[in-house]
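A structural walkthrough
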Amino acid sequence: MKMKSRRLNLTPWGFLSPYLLLFLCFIVIPVVSAIALSFTYFNAIEAPTFTGLSNYVNLITQDQVFMQYVLPNTLTFALIVGPGGYILSFFLAWSLAQVTKKMRTVLALIIYSPSMTSGIAMAVVWTIIFSGDEAGYLNSLLIRMGVILEPIQWLQSPQYLMIIMIAVTLWGSMGVGFLAMLSGVLNIDNEIYEAGYIDGIKNRFQEIIYITIPSMKPQMLFGAVMAVVNTFQAGAIGVQLSGANPTPQYAGQLMVNHIDDYGFIRYEMGYAAAISVVLLLLVYVFSKVAWRLFGDKD
Amino acid sequence: MASFQGTKINPTKFDKSQLKFYAYLIPLALFMIMPIVYIFNHAFKPIDELFAFPPRFFVEKPTFQNFIDLFTATNDSGIPISRYLFNSVVVTVIVMALTILFGTMAGYAFSKLRFKGKSVLFEINTVALMFVPAAVTIPRYLFIENIGLINSFWVHILPALAMPIGLFLMKQFIDQIPDSLIEAAKMDGASHFKIFWKIILPLIKPAIATVAILSFQSVWNSVEASTLYINDEGLKTFSFYMSTLASQTSGNTVAGQGIAASASLIMFLPNLIIFIILQSQVMNTMAHSGIK
């Protein structure tokens, strides 16, 4: 009897161990060691030496580039691309649910397809479209329309780089979260709507606020978490577009680039780790807000 | 009382009232698809059209020359491009197969088996949905260096297998399978492995298709391993080659543009084809994707 119960207990771990082992190695250990390294000075050659909170203190008080460019850039980028892409995803998913199946499938495929392109493959396309000479597609178009007279160095100009980064990322932001929300809208029972109208809902807007969103909260939350992750994941875009780290006058410098700058260019691993921890905390806080909005209250 | 005037979600036939949605959906879709149409056109342009001034959007005399150039080209260190493509295909196939296997196994355990710490572990996995690999590049690098995976083919594969969203979607989907089905199989003396293989796997095909697509997209497009962990040119992947082209074309150089355009198309096309084939399965899975 005892033998049997022990055998039974091992089965789940047999199924779990491959995944858990990889999860431990490539997610848990890196996160834990990032936290540990963030309290040290480490140049990748000598062993790390414990320096307490000094990396964090330096990050906040000494690192002008971080405070002046990287943090504001990251927040601007995240606040526009995150909620913007999310609201756009929901709105498009909702709109698509109002049309017939054939057209919906075609349009959903088109709207989803940019998210399938990788940053790398598209960087080539964008650099040609936004090319700085008059043979660049955008420059050529604007010159022919008479909007501008001289070609603009789109990707090398600090004032345009951020806008282009945001536009490009929004273009590709209708991904898994969008699909989840689309199927969420489609799965709401029509009777709930009928009941809502009997209870006095008057227009489409009220319908979305009082029926659609509450009925698909789990998908809304999933979509929100995906939006947050994709936003911070997209960090490399500025470097890919401008072809340089740091980006011209730090205009497109995001936290991910700042980490690479310190970690792989200056070999200040401990400092880079501290930035990583701040970034992970930022992602966590953003996701927590989403959880508050759409998670189960009870 | 007037008839029901409210929303008509998932309408079965066309109605005038739907026109207002088309009025913005279609222009927006056209706008969004433009860069993709552009990739298709650019890839087939002969050299004089690639550099025509003023630039033209659509191809006039399509040619396969860019693809021929791509496949006969070698990079600076003498590695043929087809080698990168071969590496990418091998890596992608292995990652997809193993992600599905490990993900379904763990999903089954989380959904249908009882063990200690189950809810805590799943909670951790849900938090890990927010994990941004780019944030911990450095500790990941140090770890990979310590276990001796630098310059190994496996470094493409192993990190890509830890995919929290894969497990998450699997578990949510397996939750829909009634316990009674598994109880009945147990009565007939089936082992857990047999239940998993003969009952669960055939029932969760949509979730498998979805996770396959997601893992395909992440690994096919990934440059992380090739850039950071691999020094041997012959072990790098196609997406890495693509990233080197991206930096070369930033000056609109004559040499690379045709090759870069055809390479972009090769990067994009498999994503599109796989998604079109599996899209109904994906939508089916997404219905269960909610976080409660």
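Reading the values: rules and limits
Each chain has its residues counted from 1, following the order in which its sequence is written. To label them, take the chains in the order written and letter them from A, then take the ligands in the order written and number them from 1. In keeping with the predicted nature of the model, local features appear solely for residues at pLDDT of at least 70, side-chain atom pairs appear and are counted solely at 80 or more, and the whole-chain, interface and lining totals rest on all residues. UniProt positions are given in the numbering used here, feature names are shortened, and annotations may be inferred rather than shown by experiment. Helix and strand definitions here come from DSSP, where helices need a minimum of 4 consecutive H or I residues and strands a minimum of 2 consecutive E residues; each element is numbered from the N-terminal end. This radius of gyration counts C-alpha atoms alone. The globule rule is 2.2 Å times how many residues there are, raised to the power 0.38. Once C-beta atoms are placed from the backbone, each residue is buried if 20 or more other C-beta atoms lie within 10 Å of its own, exposed if 12 or fewer, and partly exposed for counts between those two. The term nonpolar core means buried Ala, Val, Leu, Ile, Met, Phe, Trp, Tyr and Cys residues held together as one set by C-beta atoms within 7 Å. For every residue pair, C-beta atoms are placed from the backbone, and the pair is scored as a contact if these atoms sit within 7 Å. Fitted lines through C-alpha atoms serve as axes, helices being fitted only where they are in contact, and the angles separating the N-to-C directions of these axes extend from 0 to 180 degrees. To sort the angles, those under 35 degrees are grouped as roughly parallel, those over 145 as roughly antiparallel, those from 65 to 115 as roughly perpendicular, and the leftovers as oblique. Here the nonpolar group is Ala, Val, Leu, Ile, Met, Phe, Trp, Tyr, Cys and Pro; Asp, Glu, Lys and Arg are the charged ones; every other residue, Gly included, is treated as polar. A crossing counts as left-handed when the near helix is turned anticlockwise from the far one by less than a right angle, and as right-handed when that turn is clockwise. One number per residue, pLDDT, summarises how confident the predictor is, and it ranges from 0 to 100.

The name an unreviewed UniProt entry assigns to chain B is Carbohydrate ABC transporter permease, from the organism Perspicuibacillus lycopersici. Among the UniProt annotations of chain B, the heading Sequence similarities (unreviewed entry) holds the following wording: "Belongs to the binding-protein-dependent transport system permease family." Under Subcellular location (unreviewed entry), UniProt gives the following word-for-word description of chain B: "Cell membrane".

The name recorded for chain A in an unreviewed UniProt entry is Sugar ABC transporter permease, from Perspicuibacillus lycopersici. The UniProt entry for chain A carries the following comment under Subcellular location (unreviewed entry): "Cell membrane". For the record of chain A, the UniProt heading Sequence similarities (unreviewed entry) holds the text "Belongs to the binding-protein-dependent transport system permease family."

Description of the overall build of chain B
Counting its secondary structure elements, chain B contains 14 helices and zero strands. The order of helices and strands in chain B, counted from the N terminus, is α-α-α-α-α-α-α-α-α-α-α-α-α-α. Taken against the 2.2 N^0.38 rule, which gives 19 Å for 292 residues, the C-alpha radius of gyration of chain B at 24 Å runs more than 25% over that of a compact globule. Over its C-alpha atoms, taken along the principal directions, chain B stretches across nearly 70 × 70 × 35 Å. Counting over 292 residues, chain B shows a buried share of 44%.

A short note on the UniProt feature "transmembrane region" (unreviewed entry) in chain B
All names here are of chain B. Annotation from UniProt places "transmembrane region" (unreviewed entry) at residues 21–40, 84–108, 120–141, 153–174, 195–216 and 259–278. Between the C-alpha atoms that bound residues 21–40 there is a distance of 28 Å. The span itself is 100% helix and 0% strand. Counting secondary structure, residues 195–216 comes out at 95% helix and 0% strand; the distance between its end C-alpha atoms is 27 Å.

Points about the nonpolar core
With 163 residues, the main nonpolar core has A:Ala93 and A:Ile275 as its most contacted residues. In this structure, A:Ile275 is in contact with A:Leu59, A:Met255, A:His258, A:Ile259 and A:Tyr262, ignoring residues within four places of it in sequence. Listed in part, the seven residues of the second largest apolar core include B:Ile144, B:Leu149, B:Tyr229 and B:Ile230.

Side note on the UniProt feature "domain: ABC transmembrane type-1" (unreviewed entry) in chain A
In this structure's numbering, the residues bearing the UniProt feature "domain: ABC transmembrane type-1" (unreviewed entry) are residues 71–290 of chain A. Note that residues 71–290 of chain A is 75% helix and 0% strand, and that its end C-alpha atoms are spaced 21 Å apart.

Looking at the packing of helix H8 (residues 176–186) of chain A against helix H14 (residues 257–286) of chain B
Relative orientation of the contacting elements H8(A) and H14(B) amounts to 75°, with a least axis distance of 8 Å. Accordingly, the angle class assigned to the pair H8(A) and H14(B) is roughly perpendicular. Across the interface between the two elements, A:Leu179, A:Ala180 and A:Ser183 of H8(A) pack against B:Val282, B:Met283 and B:Met286 of H14(B). A per-class count over the contact of H8(A) with H14(B) returns five nonpolar, one polar and no charged.

A closer look at the packing of helix H3 (residues 64–96) of chain A against H8(A)
Residue and element names in this part refer to chain A. Across the interface, H3 lies against H8 with an axial gap of 8 Å and an inter-helix angle of 40°. Relative to H8, the element H3 lies oblique. You can see that H3 and H8 cross each other, and the crossing is right-handed. For the pair formed by H3 and H8, the contact residues are Ser 89, Phe 90, Leu 92, Ala 93, Trp 94 and Leu 96 on the first element and Gly 177, Phe 178, Met 181, Leu 182 and Val 185 on the second. The residue makeup of the contact of H3 with H8, split by class, is nine nonpolar, two polar and no charged.

Things to note about the interface of chain B and chain A
Of the residues lining the interface, 81 residues belong to chain B; the matching set on chain A comes to 90 residues. For the side of chain B that touches chain A, the secondary-structure elements that each account for two or more residues are helix H1 (19–43), helix H4 (81–112), helix H6 (137–146), helix H7 (154–161), helix H11 (205–220), helix H13 (238–248) and H14 of chain B. When residues of the side of chain B that touches chain A are assigned to their parent elements, the largest contribution, 13 residues, is made by H14(B). Per-class residue counts for the side of chain B that touches chain A are 57 nonpolar, 21 polar and three charged.

Observations regarding unusual backbone geometry
Of note in the backbone geometry, A:Gln249 takes a positive phi value of approximately 50° without being a glycine. Looking at the secondary structure, you find A:Gln249 in the loop between helix H12 (237–242) and helix H13 (255–265).

Describing the environment of B:Pro164
Residue and element names in this part refer to chain B. You can see Pro 164 is positioned in helix H8 (residues 164–174). Residues Pro 164 and Met 130, 34 residues apart in the sequence, show an inter-C-alpha distance of 8.9 Å. With residues near it in sequence (within four places) discarded, Pro 164 still touches Asn 125, Ala 128, Leu 129 and Phe 131.

Examining the confidence of the model for chain A
Scored by pLDDT, chain A comes out at a mean of 86, with 96% of its residues at no less than 70. Below a pLDDT of 50 lies the segment residues 1–6 of chain A, which in the model reaches zero contacts outside its immediate sequence neighbourhood of four places, other chains included.

Quick word on the environment of A:Ser276
Its location among the elements puts A:Ser276 in helix H14 (residues 269–294). Judged by the 29 C-beta atoms lying within 10 Å of it, A:Ser276 is buried. Spatially, the C-alpha atom of A:Ser276 lies 23 Å from that of A:Leu20, the residues being 256 residues apart in sequence. Excluding residues within four positions of it along the chain, A:Ser276 makes contact with A:Ala34, A:Ile259, B:Ala135, B:Val136 and B:Ile138.

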